[in-house]
Amino acid sequence: MPIFQDMKRQRQISYDNLCYYYNNSGQHFEASAVSVADFLDYYMDNYSKINNKYNTQLGNLSTIERHLKPNFGAYRLSALGTAAIQEFINEKFILNFSKSTIENIIAPLSQAYEYAIDLGYVKDNPCRRIKYPKDCRQPKQRELISVDEYNKIMEMLKDHRPFDIAVMIGWYAGLRISETFGLTWNDINFPSKTITVNKQIVKRNFGVDIRKAFQERVKKEERSAWYFQSPKTPTSNRAIVVSNDLIQVLKAWRKKQLENQIYYGEYYKELYLKDETDEKGKTIQRIIEIEKGIPCTLPTADIVFRKENGEYVSTDSFKYPSRIIHHRLGLEKFDYHSLRHTHATMLIEAGVSPKTMQERLGHASIQTTFDKYVHNTEDMKQGAADTFDELLRKAAK
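Residues numbered from 1 in each chain as written. Predicted model: local features only at pLDDT ≥ 70, side-chain atom pairs only at ≥ 80, totals over all residues. Heavy atoms only, no water.

Novice: What is the right way to read the sheet that holds strand E2 (residues 194-197) from this model?
Specialist: Adjacent strands of a sheet form backbone hydrogen bonds with each other and so pair up, either parallel or antiparallel. Taken together, the three strands give an open sheet; going across it, the order is E1-E2-E5, and neighbouring strands pair in antiparallel fashion. The open sheet has two edge strands with one neighbour each: strand E1 (188-189) and strand E5 (238-241). Relative to E5, E2 runs antiparallel, the two being bridged by four bridges. By the bridge assignment for E5, Thr196 is matched with Ala239. (Pairing = 2+ DSSP bridges. Helix = DSSP H or I, 4+ residues; strand = E, 2+ residues; numbered from the N terminus.)

Novice: Explanation requested: the packing of helix H2 (residues 36-51) against helix H3 (residues 54-72) in the structure shown.
Specialist: Packed helices, taken two at a time, are described by the angle their axes make and the gap between the axes. Relative orientation of the contacting elements H2 and H3 amounts to 170°, with a least axis distance of 10 Å. When the axes of H2 and H3 are compared, the pair comes out roughly antiparallel. For the pair H2 and H3, contact is made by Val36, Ala37, Leu40, Asp41, Tyr43, Met44, Ser48 and Lys49 and by Gln57, Asn60, Leu61, Ile64, Glu65, Leu68, Lys69 and Phe72, respectively. A breakdown of the residues in the contact of H2 with H3 according to their chemical character gives nine nonpolar, three polar and four charged. (Axes fitted to C-alpha atoms, helices over the stretch in contact; angles between N-to-C directions. Parallel < 35°, antiparallel > 145°, perpendicular 65-115°, else oblique. Contact = heavy atoms within 4.5 Å. Nonpolar A, V, L, I, M, F, W, Y, C, P; charged D, E, K, R; others polar.)

Novice: What should I look at first to understand the sheet that holds strand E3 (residues 200-205) in this one?
Specialist: Across the sheet, which stays open at both edges, the four strands sit in the order E3-E4-E7-E6 with antiparallel pairing between neighbours. Single-partner strands in this sheet number two, and they are E3 and strand E6 (269-277). Put simply, the sheet's adjacent strands are angled 40° from each other on average, direction ignored. Bridge count for strand E4 (residues 224-229) against strand E7 (residues 283-291) is two bridges, and the pairing is antiparallel. Across the sheet, residue Tyr227 finds its bridge partner in E7, namely Arg286. Across the face of the sheet, H3 comes into contact with E3 and E4 while running at roughly 45° to E3.

Novice: Please clarify how unusual backbone geometry should be interpreted in this entry.
Specialist: Most peptide bonds take the trans form, and the phi angle of most residues other than glycine is negative. Residue Pro162 follows Arg161 across a cis peptide bond; omega there is 15°. A positive phi angle is found at Asn96, which is not glycine, with a value near 70°. Here Asn96 shows up in the loop between helix H4 (82-94) and helix H5 (99-118). With a relative accessible area of 46%, Asn96 lands in the partly exposed category. A positive phi is found at Lys193, a non-glycine position, where the angle reads about 55°. Mapped onto the elements of the fold, Lys193 is located in the loop between E1 and E2. Looking at Lys193, the relative accessible area reads 31%, which means it is partly exposed. (Buried < 20%, exposed > 50% of the residue type's maximum accessible area, 1.4 Å probe, protein only.)

Novice: Would you take a moment to explain the packing of aromatic side chains for this structure?
Specialist: In this description, an aromatic ring pair is defined by two values, namely the gap between the centres and the angle between the planes. Following the criterion strictly, the structure yields 17 aromatic pairs and no others. Their ring planes at 40° and their centres at 4.9 Å tell us that Phe181 and Phe305 sit as a pair that is tilted. One end of the pair, Phe181, is in the loop between helix H8 (177-180) and E1; the other, Phe305, is in the loop between E7 and helix H11 (319-328), with 124 residues separating them in the sequence. Side by side, Phe181 and Phe305 carry an identical accessibility label, which is buried. Here the aromatic residues Phe163, Phe181, Phe305, Phe318, Tyr320, Phe334 and Tyr336 are joined through ring pairs into a cluster of three or more. Sitting above the plane of the Phe228 ring, Lys199 keeps its charged end 5.4 Å from the centroid. Residue placement shows Arg204 over the ring face of Tyr227; its charged tip is 5.8 Å from the ring centre. (Phe/Tyr/Trp six-rings, centres within 6.5 Å; stacked < 30°, edge-to-face > 60°. Lys NZ or Arg CZ within 6 Å of the ring centre and 35° of its normal.)

Novice: I tried to follow helix H10 (residues 244-264) on my own but got confused; where do I start?
Specialist: Given 3.6 residues per turn, any residue in an α-helix points the same way as the ones three and four places further on. Spanning 21 residues, H10 covers 30 Å between terminal C-alpha atoms, matching the ideal 30 Å at 1.5 Å per step. Among the residues of H10, those classed as buried are Leu246, Ile247, Val249, Leu250, Trp253, Gln257, Asn260 and Gln261. Projected down its long axis, H10 carries its buried residues within an arc of 160°, all on one side. The exposed set on the far side of H10, more than 90 degrees from its buried face, consists of Lys255, Ile262 and Tyr263. Positive phi appears at Gly265, one or two residues downstream of H10, with a value of about 55°. (Expected span 1.5 Å × (residues − 1). Arc of directions from axis to C-beta.)

Novice: Looking at this structure, how should I read the pairing of E4?
Specialist: Residues in a regular strand project their side chains so that they alternate between the two faces of the sheet. Here E4 lies mainly inside the structure; six of its six residues are buried. Where burial is concerned, the two faces of E4 agree: the one with Ser224, Trp226 and Phe228 and the one with Ala225, Tyr227 and Gln229 are both buried.

Novice: What am I meant to see in the side chain of Asp278 here?
Specialist: Assignment of secondary structure puts Asp278 in the loop between E6 and E7. Contact partners of Asp278, with chain neighbours within four places excluded, come to Arg204 and Ile284.

Novice: Can you walk me through the pattern of salt bridges in this structure?
Specialist: Should the charged atoms of two oppositely charged side chains come close, the side chains can pair. Evaluated as defined, the whole model comprises 22 salt bridges. Residue Lys69 is joined to Asp41 by a salt bridge in which the shortest nitrogen-to-oxygen separation is 2.7 Å. Taken together, the positions of Lys69 in helix H3 and Asp41 in helix H2 put the pair 28 residues apart, joining distant regions of the chain. You can call Lys69 buried: its relative accessible area is 13%. Of the charged contacts, one joins Glu270 and Arg306 as a salt bridge, the two residues approaching to 3.3 Å between their closest N and O atoms. Residue Glu270 is found in strand E6, and its partner Arg306 is found in the loop between E7 and H11; the two are separated by 36 residues along the sequence. The exposure class assigned to Arg306 is buried, which follows from its relative accessible area of 1%. The network of salt bridges with common partners includes Arg254, Glu270, Lys292, Asp302 and Arg306. (Salt bridge = Lys/Arg side-chain N within 4 Å of Asp/Glu carboxyl O.)

Structure below.
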């Protein structure tokens, strides 16, 4: 008990020191006097909030509060060593955590130390020398959706429009789910048969600090709304050429939406965009539903995915068709991202260059295209063997 009380007292002293230096200079504090827990708070407020997307911030905050603070928070920033972190990793390995899960836990800690090095507060990042056990469980690989399985999915969803269209976009264009459900009709160019990705949809709290939103999880849904924000990375902004089949389905859906507006008249739910400022000081747009009969001066959002009465169909709504696919078809492997994964793999198998796939998927690095979406399928393995045989035959002539 005395040791615990001393650690608690030291942590309070370090927090008081941090507050003193921060309030009096705004720039400097003694690393030897501040705890890892306090610096992780500083990192969240001064780095993650500025550089990371909203969902990444939530993920970082969750990891910090649930894993990093309980295990490393009482250490002084300059005293935490590789050995303590390695012991933590080994413990998670014994508990059968996958390698990717452990890496995701350590990532904010490592990034916080890199930030501390940049600020001159410490000279070394103790996460750099950690080793992951060789037998660490690998995460479950995403499985491919076969053409036959896709056709069965489409048959089952034929009476559940527009969910079938969302599946088509994932299959034919390889969009992320947040990109698909963020599409507006001005993103669809019918003559050129292209879909432009220039934004994504995100569910977030409005008017509430991210830390407060995390602490008050019970009230989170009461203060959440759907927003347009910039795509995942700058390279995610792209124009994708799609097939005529998809374009024809989109044309028919556009026509149906216009007919629905006439049918529902003043009771049709119009979607408006309200400018707000996020934690980075950037403008984001909140989607607001108001019946057409109620005057509103805000600009409208002509969103592709809507119910018959005009209400917005979100990524949350896609959980319903996913359950149908899982239970009725028995395709537990299906999720929206499996469509993107299949799209990329099939095109690579067909001989599309990785560089073209990188641009089509909107990856910042071509290595991501290889690591995440390009697998050595049986067809690719057989193709490599056949190609080599053909080279040998030509050389023998």
